[in-house]
Amino acid sequence: MKSRLTFLLGCLVLASMQLALAQAGALRVPKTVEAGDALSIQSAGSGKAVLYVVGPGQVLRRNVQLGETTFFAPGVLHNAGHYLVVLVGASSTEDGAFDVTAARPAALSFLAKPSRLPVDLHDGISGVVYVFDAFQNLVLAPSEVSFQLSAIAGAVQTRTALTHNGVAWTKMNSAAKEGAAQFVARVGDAAGTRVIQQVPGNPCHLKMSARPSGQRLAVETEPVRDCSGNALPDGTIVTFRETYDGGESTVDVPLKRGIARTDMPAYGGARISVATGVFIGNEIRWGKER
Amino acid sequence: MKRSLLIGCSLFAAILALGSDQPAVRVAPTDSLGPRPLEKQTETAVIRDYLQAWRSLSGAFEQNRADLLDPDFIGTAKEKLADTIREQAKLGIHTRYRDSAHNIQVVFYSPEGLSIQLVDTVEYDVQILDGKTVQTTQHVRARYVAVLTPTEVRWKVRLFQAKPE
């Protein structure tokens with residue numbers, strides 16, 4: 001009974017000694033610090049020691065006096081990440097850890113794709129934003145990003161998205177009218193602008209007419225347009241094809257000022273067709289019916 | 001007979017030792033990636049290159065050689081890690097990072113396929129050496145957010161940052 005009591009008392013004394021040592025060697029480290037903020041680390045005890053703050057983002061070393069507070073001035077610790085704190089004294093080593101979190105959003109990386117696309121395309125434009133603070137740390141706390149796509153003529157499209165792990169994205173429709181559009185992403189005071197070129201889509205209207213021109217036939221299209229009424233760009237190839245008595249003539253003509261025109265042989269009963277890309281226009285039978 | 005048994009045992013032990021150097025890797029299923037589906041082949045390539053990046057980081061920090069980061073890091077991640085290595089060299093410090101376990105989840109694949117983001121709960125040991133003296137060895141469990149972008153032949157880490165748990 002007596003020996004049990006002695007053992008219990010011994011344990012209590014040892015435990016209290018451990019507690020005292022732990023308190024004597026305590027290293028007070030904040031749990032989190034915002035990037036660029038000042039940092040102070042409090043140590044206990046006496047004597048000289050070396051303090052290490054180590055992470056893949058930064059490494060710091062200071063000779064310190066135990067029992068004093070070590071200050072790191074604002075701006076010294078500026079890379080977000082997980083840091084180990086190690087205090088190496090003459091007879092003991094203390095350690096701790098803390099996280100540096102990103103400061104408020106100050107910059108963004110904005111990727112808009114594609115830079116050129118046909119008009120009237122649903123969800124055709126994508127925008128991705130990565131949000132950074134002033135120290136190029138990814139801001140992992142949710143931030144609201146506003147996206148705005150404004151064409152020269154046409155309604156403004158606006159979307160908002162919350163970042164998740166520092167990234168937000170959206171999709172927009174291209175406008176019905178061709179022309180450049182400004183795509184702006186904004187987070188707080190930081191903004192990025194990209195220019196999206198909206199070009200006419202596939203042809204939707206292709207109609208030609210024919211008239212005699214001396215011994216030949218002059219064929220000419222009406223202005224070639226897409227489904228939204230935008231004129232197809234000059235240089236787009238239009239193919240005229242004439243078939244007659246087992247023979248065939250084909251002429252490729254680039255659009256000039258939205259119109260394609262050429263001369264073809266005038267055979268009675270010939271069939272003349274017109275096409276651009278995969279879109280086929282009207283057909284004319286010369287001589288018998290027009 | 002005894003000799004061949006001894007060689008066989010040594011070989012087995014060597015294989016085990018080599019095997020134990022490799023971190024345990026678990027890839028969590030991708031829930032919602034956002035706008036673009038992720039092909040299995042792409043996921044495999046991204047994970048492979050990300051794990052390789054950890055090996056590069058480990059070598060670069062141990063030897064204080066920022067050039068070892070070149071094959072696997074790019075942009076901000078490379079600049080920041082290289083700055084730390086330069087700082088280590090200036091202070092006469094080396095750090096040994098030994099990753100032992102990764103629990104990876106791909107969380108975002110951008111619509112145009114130019115960036116992929118993953119979150120990794122990683123366990124690693126860090127050994128801090130001042131000169132040739134080992135000051136401490138710490139076991140760390142941390143969450144890292146990494147953004148990788150495709151280059152000519154591989155995915156490279158462009159952003160690499162620990163996230164508070």
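Before going further, it helps to spend a moment on the pairing of strand 4 (residues 133-150) of chain B. Residue and element names in this part refer to chain B. Sheet topology note: the strand 3 (residues 116-130)/strand 4 ladder contains 15 bridges and is antiparallel. Its bridge partner lying in strand 4, V122 is registered against A142. The turn linking strand 3 back onto strand 4 is made up of two residues, and G131 within it adopts a positive phi angle of 65 degrees. Across eight bridges, strand 4 lies against strand 5 (residues 155-163) in antiparallel orientation. In the sheet register, R143 faces strand 5, and the bridge partner there is K163. The antiparallel pairing of strand 4 with strand 5 creates a hairpin that spans four residues between the two strands.

With that out of the way, let us pick up the confidence of the model for chain A. Per-residue confidence for chain A averages 88 on the pLDDT scale, and 90% of its residues sit at or above 70. Across residues 5-25 of chain A, where pLDDT falls below 50, the model places seven contacts with residues more than four positions away in sequence or in other chains.

Another aspect to go through is the environment of Q105(B). By the element assignment, Q105(B) lies in strand 2 (residues 93-109). Those residues within four positions of Q105(B) in sequence are excluded, and the remaining contacts are A28(B), T30(B), L118(B) and V119(B).

Let us look at the interface of chain A and chain B. Chain A puts 32 residues into the contact, and the matching count from chain B is 34 residues. It is strand 6 (residues 81-89) of chain A that provides the largest number of residues to the side of chain A that touches chain B, a total of five residues. Broken down by class, the residue content of the side of chain A that touches chain B amounts to 14 nonpolar, 13 polar and five charged.

All names here are of chain A. Here three strands make up an open sheet; going across it, the order is 17-18-22 and the pairing antiparallel. Two strands lie at the open edges of the sheet, namely strand 17 (208-213) and strand 22 (261-265), each paired on one side alone. For this sheet the average axis-to-axis angle between neighbouring strands, irrespective of direction, equals 30 degrees. Note that strand 18 (residues 216-221) and strand 22 share five bridges and pair antiparallel. Each bridged residue has a counterpart across the sheet, and for R216 the counterpart in strand 22 is P265.

Within the largest apolar cluster, 83 residues are counted, with the highest numbers of intra-cluster contacts made by L108(A), V129(A) and A146(B). Broken down by element, the residue count for this core peaks at seven residues, all from helix 2 (residues 40-63) of chain B. Among the domains, domain 1 (17-101) and domain 2 (107-199) of chain A are the pair contributing at least three residues each to this core. With sequence-adjacent residues up to four places away left out, A146(B) is seen in contact with Y50(B), L118(B), D120(B), V157(B), L159(B) and F160(B). In terms of nonpolar packing, the next biggest core, distinct from the first, is built from 16 residues, V219(A), F240(A), A260(A) and M264(A) among them.

Here we come to helix 2 of chain B. Residues and elements named next belong to chain B. Its 24 residues give helix 2 an end-to-end C-alpha distance of 35 Å, which sits within 8% of 34 Å, the value for a rise of 1.5 Å per residue. Among all positions in helix 2, only V46, Y50, A53, W54, L57, A60 and F61 are buried. Buried-residue contacts for helix 2 involve helix 3 (75-91), strand 2, strand 3, strand 4 and strand 5. Immediately beyond the C-terminal end of helix 2, within one or two residues, lies N64, with a positive phi of roughly 55 degrees.

Attention now moves to the sheet that holds strand 3 of chain B. Residue and element names in this part refer to chain B. The strand order 1-2-3-4-5 describes an open sheet built from five strands, whose pairing is mixed. Looking at the sheet topology across the chains shown, the edges are occupied by strand 1 (24-27) and strand 5. Pairs of neighbouring strands in the sheet enclose a mean axial angle of 25 degrees, with direction left out of account. Pairing analysis gives 15 bridges linking strand 2 to strand 3, with the strands arranged antiparallel. For T95, the partnering residue across the bridge sits in strand 3 and is I128. Taken strand by strand, helix 2 contacts strand 1, strand 2, strand 3, strand 4 and strand 5, and its axis lies near 165 degrees from that of strand 2.

About the thresholds
Residues numbered from 1 in each chain as written. Chains lettered and ligands numbered in written order. Predicted model: local features only at pLDDT ≥ 70, side-chain atom pairs only at ≥ 80, totals over all residues. Pairing = 2+ DSSP bridges. Helix = DSSP H or I, 4+ residues; strand = E, 2+ residues; numbered from the N terminus. pLDDT = per-residue confidence, 0-100. Contact = placed C-beta atoms within 7 Å. Nonpolar A, V, L, I, M, F, W, Y, C, P; charged D, E, K, R; others polar. Axes fitted to C-alpha atoms, helices over the stretch in contact; angles between N-to-C directions. Core = buried A, V, L, I, M, F, W, Y, C linked by C-beta atoms within 7 Å. Buried ≥ 20, exposed ≤ 12 C-beta atoms within 10 Å, placed from the backbone. Domains from an automatic or database assignment. Expected span 1.5 Å × (residues − 1).

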